[in-house]
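Observations on chain architecture
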Amino acid sequence: MYESFFGLAREPFSVAPDPRFLYLSKQHRDALGYLNYGLRRAGGFVLLTGEIGAGKTTVWRAFLEQLPPRLDVAYVVNPKMSVQALLKRLCESLQVELPADADRPGAEADLIDALHGHLLLAHAQGRRTLVVVDEAQALALPVLEQLRLLTNLVTNEDKLVQVLLIGQPELRQLLEHPEMAPVAQRIVARFHLQTLSRDETEAYLVHRLTVAGLTGPLPFEDEAIRRIHRLCRGTPRRINVLCDRAMTLAAERGQLRVDRALVDQAASQVFDLPGLRRVGPGQAVRWVAGGAAAVLAVFALTRLLPPWQTAGATVAAASAPSSPSAPVSAAPASALGATAVPPSPSAGKHVASAASPASPPPVTASAAPLPHGLQPYDSQAEAGDTLGSQVFGQHLPESEAWTRLARRWNPTFTPTADPCAELPRQGLRCHSSQGGLGPVRLLDRPGWLLLTGPDGRSTRVLLEGLQDDQARLSLANGGTLTVPLLKIAPWWQGEFHTLWRSPPAYAGDGVLAADGASGTWLAKQLARLDGGPAQDGAEGLAQRIRAFQMAQGLRPDGLPGPLTLMRLNHATGVSEPTLAGSAAAR
């Protein structure tokens with residue numbers, strides 16, 4: 001095995017759904033949030049779908065670790081069964097004594113009676129029951145109908161059973177069947193898990209290797225990561241299979257770095273992909289010639305194009321099919337991409353830089369327009385000008401940066417010497433964080449960044465928009481610029497400064513009190529998400545806050561601090577500007 005060769009404590013790319021290795025991308029946090037939301041509705045169906053290998057079962061197992069202790073779970077892993085077999089399986093999972101003749105044909109009624117009696121007793125003891133069906137797209141229509149009938153078992157106030165269906169996209173098509181309308185109408189929460197983007201693929205690799213004990217440089221080259229994402233189409237299970245094989249080959253050869261050629265060889269062994277067969281001598285000669293041509297083309301482009309476009313041209317040339325193993329120079333990585341689990345201190349800048357997004361190909365006239373009004377940077381706007389001179393052309397004082405930011409929340413804000421002292425009177429608070437792109441994406445709101453150039457010059461820019469790896473910046477001179485994140489990463493130390501709309505009862509001491517008027521406000525806001533009571537005691541409220549924090553990827557301390565309140569504002573539709581667009585009341 002390659003673990004000892006790379007200094008790892010455990011296997012990093014096992015296909016087993018181990019919650020320790022769960023990479024909490026934004027959509028994974030959203031998926032957990034929806035599952036928690038659906039669970040608090042205490043009835044009906046919750047739906048989790050996704051492509052094969054997208055991580056549905058891993059999300060479910062992470063969700064399982066967060067479930068409250070007074071919840072009984074019946075887990076069905078083989079959905080290809082009859083109604084009677086399903087009822088027996090549920091009885092066995094819930095430790096319900098089976099009727100004496102449970103195996104005889106037509107014993108469904110007796111099994112339902114036994115289940116009903118158990119569920120009533122569990123409810124009287126303050127317990128709830130959740131039925132989880134994995135690979136639910138394989139359920140027969142009569143079995144789905146029986147699950148619906150089970151959710152009809154109620155007391156005068158509460159439903160006795162809730163059902164979580166986990167399946168492939170075909171499950172959504174199954175629920176569109178006219179006969180399944182009664183089931184579809186009982187779905188209280190649903191989420192479709194997409195595959196990973198290219199940046200998420202890189203962060204995913206860093207996360208799994210860090211959890212596995214990596215303390216040195218990331219063993220995958222940038223071009224290898226791009227190739228992994230392209231071959232696996234962002235599917236975590238395929239990524240695991242391919243990376244496991246690539247690292248095995250690297251260890252066999254004594255290589256500490258996995259390049260694109262090694263990824264292609266691994267792919268030819270684990271995937272049935274045309275064009276990825278073992279290389280013969282003749283092919284090697286043609287590939288070397290093609291690789292040399294690609295390198296010359298990249299060199300020419302870097303001489304002709306401005307600096308902010310050459311990285312994209314390099315990526316475009318590196319993806320040319322003529323040379324899958326050519327050593328094409330890639331744009332350098334940056335410290336901009338944050339991972340779900342911070343790398344160990346000894347990993348240094350190597351692991352942090354490995355999580356950075358790659359610069360995209362240059363935008364051309366035929367390319368699709370960037371969403372939310374983002375416009376590409378026009379390299380001919382000022383002949384001979386560089387990106388650095390545009391950014392560092394003028395200095396933006398801190399008070400002016402806060403003032404410009406405040407006008408995104410309140411266009412009539414009057415400049416003051418200390419905006420952060422004045423803003424609380426208008427229900428706004430200043431907030432600063434350190435941690436790179438992760439907190440920026442999590443908070444999803446405009447803010448300002450402090451950038452420092454190689455010559456020591458510093459300036460502040462407003463981050464007004466963020467889409468994938470493109471950032472829209474407002475400069476000191478009032479102009480706007482849209483650039484790849486990779487271009488500003490060397491100048492940014494990871495600080496992010498933003499504003500948020502505080503609740504009426506907020507005293508500004510960092511944490512909102514969980515009792516009195518503050519507690520009432522918190523309970524009402526959470527009730528909109530979890531369906532819980534609009535008034536709750538301090539202990540119950542702390543548990544609900546903790547569940548919300550876990551669903552949002554925050555530290556679950558049960559204390560409603562600024563980060564928690566910002567995410568609560570976002571989740572409940574409080575009108576605030578976002579990086580995706582302007583503020584709009586929802």
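Please read all numbers here as calculations on a predicted model, not as lab measurements.

So, the overall build of the protein
Scanning the protein from terminus to terminus reveals 22 helices and 11 strands. Expressed as a percentage of its 586 residues, the buried residues of the protein come to 50%. With the model as given, the accessible surface of the protein reaches about 26,200 Å², and the carbon-plus-sulfur share is 54%.

Considerations on the state of the cysteines
Scanning the model with the defined rule gives 1 disulfide in all. There is a disulfide in this structure between Cys420 and Cys430, and the S-S distance comes to 2.0 Å. Because the sign of the S-S torsion sets the handedness, a value of about -100 degrees for the bond joining Cys420 and Cys430 places this disulfide among the left-handed ones. One end of the pair, Cys420, is in helix 17 (residues 419–422); the other, Cys430, is in strand 6 (residues 428–434), with 10 residues separating them in the sequence. Cys232 takes part in no disulfide bond, and the closest cysteine sulfur, belonging to Cys243, lies 6.6 Å away. Overall, Cys232 belongs to the buried group, its relative accessible area being 0%.

Looking at helix 8 (residues 198–211)
An α-helical segment advances 3.6 residues per turn. Residues three or four places apart therefore align on the same side. Compared with the 20 Å implied by 1.5 Å per residue over 14 residues, the 20 Å span of helix 8 between its first and last C-alpha is a close match. Where burial is concerned, most of helix 8 is hidden: 14 out of the 14 residues are buried. Just downstream of helix 8 lies Gly213, where phi reads positive at about 110 degrees.

Looking at the packing of aromatic side chains
Counted according to the given criterion, the structure contains 8 aromatic pairs. With centroids separated by 5.5 Å and ring planes inclined at 45 degrees, the aromatic side chains of Tyr34 and Phe191 adopt a geometry described as tilted. Here Phe191 lies in strand 5 (residues 187–193) and Tyr34 lies in helix 1 (residues 26–40), a separation of 157 residues in the sequence. Tyr34 gets classed as partly exposed once you look at its relative accessible area, which sits at 40%. Ring plane angle 50 degrees and centroid distance 6.0 Å describe the contact between Trp60 and Phe63, whose orientation is recorded as tilted. Of the two residues, Trp60 and Phe63 both sit in helix 2 (residues 56–65), 3 residues apart, roughly one turn of that helix. By relative accessible area, which is 2% here, Phe63 ends up buried. Chaining the aromatic ring pairs together yields one cluster made of Tyr2, Phe5 and Phe6.

Side note on the layout of surface pockets
The computed volume of the second largest pocket comes to approximately 620 Å³. Contributing to the lining of the second largest pocket are 21 residues, with Arg40, Pro68, Pro69, Arg128 and Gln543 lying nearest its centre. Broken down by secondary-structure element, the contributors of at least two residues to the lining of the second largest pocket are helix 1 and helix 21 (538–552). Ranked by the residues each element gives to the lining of the second largest pocket, the list is headed by helix 21, at 6 residues.

So, the packing of helix 3 (residues 83–93) against helix 4 (residues 108–124)
Contact geometry of helix 3 with helix 4 gives a least axis separation of 10 Å together with a crossing angle of 25 degrees. With respect to helix 4, the axis of helix 3 lies roughly parallel. Considering only the axes of helix 3 and helix 4, their crossing is left-handed. Contact residues: Val83, Gln84, Leu87, Lys88, Leu90 and Cys91 in helix 3; Glu108, Leu111, Ile112 and Leu115 in helix 4. Of the residues contributing to the contact of helix 3 with helix 4, the split by class is 7 nonpolar, 1 polar and 2 charged.

Brief notes about the nonpolar core
Of all hydrophobic cores here, the largest spans 36 residues; its most connected members are Val391, Val440, Leu449, Leu451, Leu463, Leu473 and Leu522. Considering every element that reaches this core, the biggest residue donor is helix 20 (residues 516–530), with 5 residues. In this view, Leu473 contacts Val461, Leu462, Leu463, Gly479, Thr480, Leu481, Val483 and Ile488; residues no more than four positions away in its chain are not counted.

Comments concerning the confidence of the model for the protein
Across the protein, pLDDT averages 76, with 77% of residues at or above 70. Throughout residues 277–385 the model reports pLDDT below 50, and contacts reaching past four residues in sequence, or to other chains, amount to 158 contacts. Low pLDDT, under 50, characterises residues 582–586; the predicted model gives this stretch 9 contacts beyond four residues in sequence or across chains.

What counts and what doesn't
Residues numbered from 1 in each chain as written. Predicted model: local features only at pLDDT ≥ 70, side-chain atom pairs only at ≥ 80, totals over all residues. Heavy atoms only, no water. Helix = DSSP H or I, 4+ residues; strand = E, 2+ residues; numbered from the N terminus. Buried < 20%, exposed > 50% of the residue type's maximum accessible area, 1.4 Å probe, protein only. Areas by Shrake-Rupley, 256 points an atom, 1.4 Å probe, with all protein chains shown as cover. Disulfide = S-S within 2.5 Å. Expected span 1.5 Å × (residues − 1). Phe/Tyr/Trp six-rings, centres within 6.5 Å; stacked < 30°, edge-to-face > 60°. 1 Å grid on protein atoms, 1.4 Å probe; cavity = no way out; pocket = protein on both sides within 12 Å on 5 of 7 lines; lining within 4 Å. Points joined across faces, edges and corners; volume = space filled by probe spheres on them. Axes fitted to C-alpha atoms, helices over the stretch in contact; angles between N-to-C directions. Parallel < 35°, antiparallel > 145°, perpendicular 65-115°, else oblique. Left-handed = near helix turned anticlockwise from the far one by under 90°. Contact = heavy atoms within 4.5 Å. Nonpolar A, V, L, I, M, F, W, Y, C, P; charged D, E, K, R; others polar. Core = buried A, V, L, I, M, F, W, Y, C linked by side-chain atoms within 4.5 Å. pLDDT = per-residue confidence, 0-100.

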